[in-house]
Amino acid sequence: MPRRVTFRFACGALAALLGSIAAMSSVAQPALFEARQITPSAEYTFGIEGPAVDASGDLYVVNYQKRGTIGRVKEGAAKSELFLELPTGSVANSIRFGADLNMYIADYTGHNVLVLERGEPRVYFHSDQFNQPNDICINKKGQLFASDPSWKTSTGKLWRIEPDGKAILLTAEMGTTNGIELSPDEKILYVNESVQHNIWAFDVDGQGNISNKRLFHKFDDFGMDGMKCDRDGNLYATRYGKGVVAILSPDGKLVREVTLKGKRVSNIIFGGKDGKTCFVTLQDRKGMEMFRSEVAGKKWK
């Protein structure tokens, strides 16, 4: 009889302990699509932009403490550190990692795309025909696509830059081109126009040429900035001035809006160990927020 009582007590205590651990775990995990601040305010300049995550999970963001720099938030860290100072006169607006694991940087003041090799930045591509390389994306072949807005005239261009450095002007018949992203299968190129509130979709062939321009989604108000796809093909578009990330289905329908604490949201990237953490840059807060998504970014399988 005493043994049975002891056994029952032990089982009850174990169940209570497991229940407590489960409750603690549920509290520790942030709710889906609930934004929270992850870096101190004013750690970056108003030009905070271009977040990117490398293969080890470290997060890189432009304009740390002053223009012309790149900050790094190491996996699990609570604040940033200086990672790189760009060449004099260069100011970054976007960062992407290629299949070669090199960091590519849109240098909008220098009319360059820079590449970081063995810790040193060099000019990967330069053209005086650039208004500015604003945002970039890269396919598995190493072809780089760049948006090129003219804010003065509310017009824009799209470029493709080959791995050998040759540049092809894909179109000059655009509004104020800004965010740019490829679908998970790389057969669709999405480009938004900040002033006109449009997101366009293009078919992309095997050579990287675009065709079949079509309106993917149109908003009635507020601007847009950076965009990223999850692995299911949903498009996450930052709504500058509204302070939300709009999640659009592959057929262009608005699925949800994630409300942020800041209003001037400039870009987004997927990261974290499972690829379901969305890191968002906010210019008015000069820092970053994050939220958890149901689906991982397109680079996570």
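**Overview of the packing of aromatic side chains**
Given two aromatic rings, one states the distance between the centres and the angle between the planes to describe the pair.
Next, step 1: In total, this model carries 9 aromatic pairs according to the counting rule given.
Next, step 2: A centroid spacing of 5.7 Å and a plane angle of 90° characterise the contact between phenylalanine 125 and phenylalanine 130, whose relative ring orientation is edge-to-face. Phenylalanine 130 shares its class with phenylalanine 125; the two are buried.
Next, step 3: Among the aromatic residues, those joined into a cluster by ring pairs are Tyr60, Phe83 and Phe97.
Next, step 4: Above the plane of the ring of phenylalanine 219 lies arginine 239, whose end atom (NZ or CZ) is 3.8 Å from the centre.
Next, step 5: Across from the ring centre of phenylalanine 33, 3.9 Å away, lies the NZ or CZ of arginine 256, which sits over that ring.

**Observations concerning the pattern of salt bridges**
Next, step 1: A complete count under the given rule lists 12 salt bridges for this structure.
Next, step 2: Put simply, arginine 122 and glutamate 117 hold a salt bridge, and the shortest N to O gap is 2.7 Å.
Next, step 3: Looking at glutamate 117, the relative accessible area reads 22%, which means it is partly exposed.
Next, step 4: With a shortest N-O distance of 3.4 Å, glutamate 181 and lysine 298 are connected by a salt bridge. Taken together, the positions of glutamate 181 in strand S14 (residues 177-182) and lysine 298 in the segment after strand S24 (287-292) put the pair 117 residues apart, joining distant regions of the chain.
Next, step 5: In the salt-bridge network here, residues are joined through shared partners; they are Arg96, Glu181 and Lys298.

**Concerning the sheet that holds strand S23 (residues 277-282)**
Next, step 1: Taken together, 4 strands build an open sheet; the order of strands is S1-S24-S23-S22 and the sheet is antiparallel. Both edges of this open sheet fall to strand S1 (36-37) and strand S22 (265-271), since each of them pairs with a single strand only.
Next, step 2: The pairing of S1 with S24 spans 2 bridges and is classified as antiparallel. Its bridge partner being in S24, glutamine 37 is matched across the sheet by glutamate 289.

**Structural notes on the state of the cysteines**
Next, step 1: Scanning the model with the defined rule gives 0 disulfides in all.
Next, step 2: With no disulfide of its own, cysteine 278 has cysteine 229 as its nearest cysteine by sulfur position, at a separation of 12 Å.

**As for the sheet that holds strand S20 (residues 244-248)**
Next, step 1: With antiparallel pairing, the 4 strands of this open sheet are ordered in space as S18-S19-S20-S21. The open sheet has two edge strands with one neighbour each: strand S18 (227-229) and strand S21 (254-259). Between one strand axis and the next, the sheet turns by 20° as a mean value, whatever way the strands run.
Next, step 2: Bridging between S18 and strand S19 (residues 235-239) involves 3 bridges; their strand directions are antiparallel. Following the sheet pairing, cysteine 229 is matched in S19 by leucine 235.

**A closer look at the pairing of strand S8 (residues 112-117)**
Next, step 1: Of all 6 residues in S8, 5 are buried, a share of seventy percent or more.
Next, step 2: Counted between consecutive antiparallel strands, the loop separating strand S7 (residues 103-107) from S8 contains 4 residues, among which histidine 111 sits at a positive phi close to 55°.
Next, step 3: Note that S8 and strand S9 (residues 120-126) share 6 bridges and pair antiparallel. Following the sheet pairing, glutamate 117 is matched in S9 by glutamate 120.
Next, step 4: Counting the residues that bridge the hairpin from S8 to S9 gives 2 residues, and of these arginine 118 lies at a positive phi of roughly 50°.

**Re the layout of surface pockets**
Next, step 1: Taken as a whole, the largest pocket holds about 690 Å³ of empty space.
Next, step 2: Taken together, 32 residues make up the lining of the largest pocket; nearest its centre are Val53, Phe97, Lys298, Lys299 and Trp300.
Next, step 3: Secondary-structure elements contributing two or more residues to the lining of the largest pocket are strand S2 (44-53), strand S6 (92-97), strand S10 (136-138), S18 and S22.
Next, step 4: A class-by-class count of the residues in the lining of the largest pocket yields 14 nonpolar, 7 polar and 11 charged.
Next, step 5: Forming the boundary of the second largest pocket are 20 residues, of which Glu75, Gly76, Gly272, Thr277 and Phe279 lie nearest the centre.
Next, step 6: Those elements that provide at least two residues to the lining of the second largest pocket are S23 and S24.

**Describing the nonpolar core**
Next, step 1: One finds Tyr236, Val245, Leu260, Ile268, Val280 and Phe291 to be the most contacted residues of the largest nonpolar core, which totals 14 residues.
Next, step 2: Secondary-structure elements contributing two or more residues to this core are S20, S22 and S23.
Next, step 3: Among residues more than four places away in sequence, those in contact with isoleucine 268 are Pro51, Gly226, Met227, Lys228, Tyr236, Thr238, Val245, Cys278, Phe279, Val280 and Phe291.

About the criteria used
- Residues numbered from 1 in each chain as written.
- Predicted model: local features only at pLDDT ≥ 70, side-chain atom pairs only at ≥ 80, totals over all residues.
- Heavy atoms only, no water.
- Phe/Tyr/Trp six-rings, centres within 6.5 Å; stacked < 30°, edge-to-face > 60°.
- Buried < 20%, exposed > 50% of the residue type's maximum accessible area, 1.4 Å probe, protein only.
- Lys NZ or Arg CZ within 6 Å of the ring centre and 35° of its normal.
- Salt bridge = Lys/Arg side-chain N within 4 Å of Asp/Glu carboxyl O.
- Helix = DSSP H or I, 4+ residues; strand = E, 2+ residues; numbered from the N terminus.
- Pairing = 2+ DSSP bridges.
- Disulfide = S-S within 2.5 Å.
- Axes fitted to C-alpha atoms, helices over the stretch in contact; angles between N-to-C directions.
- 1 Å grid on protein atoms, 1.4 Å probe; cavity = no way out; pocket = protein on both sides within 12 Å on 5 of 7 lines; lining within 4 Å.
- Points joined across faces, edges and corners; volume = space filled by probe spheres on them.
- Nonpolar A, V, L, I, M, F, W, Y, C, P; charged D, E, K, R; others polar.
- Core = buried A, V, L, I, M, F, W, Y, C linked by side-chain atoms within 4.5 Å.
- Contact = heavy atoms within 4.5 Å.

Read these as geometric descriptors, not functional statements.
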